[in-house]
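Spelled out, the chains give:
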Amino acid sequence: QVQLVESGGGLVQPGGSLRLSCVASGFSFSRSYMAWYRQAPGKQRELVAGISSSGTTNYADSVQGRFTISRDNAKNTVSLQMNSLNTEDTSVYYCYAKVQILVRVYEYWGQGTQVTVSS
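Let us look at the structure shown here. Nothing here was measured: the structure is a model prediction, and the numbers come from that model.

What to know about the sheet that holds strand S8 (residues 77-82)
Two pairing modes exist for strands in a sheet, parallel and antiparallel, and in both the strands are linked by backbone hydrogen bonds. Strand order in the open sheet made by the four strands is S1-S3-S8-S7, with antiparallel pairing throughout. Strands with a single pairing partner mark the edges of an open sheet, and in this sheet they are strand S1 (3-7) and strand S7 (67-72). Averaged over all pairs of adjacent strands, the angle between their axes in this sheet comes to 15°, without regard to strand direction.

Points about a nonpolar patch on the surface
Nonpolar side chains collect at one region of the surface, where Ile101, Leu102 and Val103 lie side by side and expose about 370 Å² of accessible area between them. The exposure class assigned to Val103 is exposed, which follows from its relative accessible area of 76%.

Focus: unusual backbone geometry
Residues other than glycine seldom take positive phi values, yet Asn76 does so here, at roughly 50°. Mapped onto the fold, Asn76 is located in the loop between S7 and S8. Judged by relative accessible area, Asn76 falls into the partly exposed class, the value being 25%. Of note in the backbone geometry, Leu102 takes a positive phi value of approximately 60° without being a glycine. Relative to the assigned elements, Leu102 resides in the loop between strand S9 (91-101) and strand S10 (104-109). A residue is classified by how much of its surface remains accessible, and Leu102, at 75% relative accessible area, is exposed.

Re the side chain of Ser52
Note on placement: Ser52 falls in the loop between strand S5 (46-51) and strand S6 (57-59). Taking relative accessible area as the criterion, Ser52 reaches 18% and is therefore assigned buried. Setting aside its immediate chain neighbours within four residues, Ser52 contacts Ser32, Tyr33 and Arg71.

Examining the packing of aromatic side chains
A ring pair, where both rings are aromatic, is described by two values, the distance of the centres and the angle of the planes. What the rule picks out here adds up to six aromatic pairs. Every member of this aromatic cluster is reached through a ring pair, and the members are Tyr33, Tyr37, Tyr94, Tyr96 and Trp109. The positively charged end of Arg71 is found above the aromatic ring belonging to Phe29, 4.7 Å away from the centroid. Taking the ring centre of Tyr33 as reference, the NZ or CZ of Lys98 above it sits at 5.6 Å.

A few points about the pattern of salt bridges
If you walk through the whole model with that rule in mind, you get three salt bridges. Taking the shortest distance from any N to any O, the salt bridge between Arg38 and Asp89 comes out at 2.9 Å. Of this pair, Arg38 sits in strand S4 (residues 33-39) while Asp89 sits in the loop between S8 and S9; the two residues are 51 residues apart in sequence, bridging distant segments of the chain. Taking relative accessible area as the criterion, Arg38 reaches 5% and is therefore assigned buried. The exposure class assigned to Asp89 is buried, which follows from its relative accessible area of 1%.

Thresholds applied
- Residues numbered from 1 in each chain as written.
- Predicted model: local features only at pLDDT ≥ 70, side-chain atom pairs only at ≥ 80, totals over all residues.
- Heavy atoms only, no water.
- Pairing = 2+ DSSP bridges.
- Helix = DSSP H or I, 4+ residues; strand = E, 2+ residues; numbered from the N terminus.
- Axes fitted to C-alpha atoms, helices over the stretch in contact; angles between N-to-C directions.
- Patch = residues over 30% accessible without salt bridge, like charges linked within 9 Å, V, L, I, M, F, W, Y side chains within 5 Å.
- Areas by Shrake-Rupley, 256 points an atom, 1.4 Å probe, with all protein chains shown as cover.
- Salt bridge = Lys/Arg side-chain N within 4 Å of Asp/Glu carboxyl O.
- Buried < 20%, exposed > 50% of the residue type's maximum accessible area, 1.4 Å probe, protein only.
- Contact = heavy atoms within 4.5 Å.
- Phe/Tyr/Trp six-rings, centres within 6.5 Å; stacked < 30°, edge-to-face > 60°.
- Lys NZ or Arg CZ within 6 Å of the ring centre and 35° of its normal.

Here you go:
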């Protein structure tokens, strides 16, 4: 059974930091592309940051230089370090995994964790 379990969300003041973590199980984590998405009320879900199985990263322009995605294959964990948070970062953050096995692609989502940036 595939599981993506996020943690680390919460309330933080503008300018503050949070670290999100996602623990994966039930699939080949080291072979997967992992990412963080977010969705604010009334808006579409958007990619925040991604990391390939080889460690190549990609970021949304809005978080470049403030957020850092990393992975620990030994712990089946992907993390998102978020610094210099502002109110526009307020969203539900979702962990995402994409795994290709032969010709099939499998995609999985976590349940989401709320991040609220407010004074």
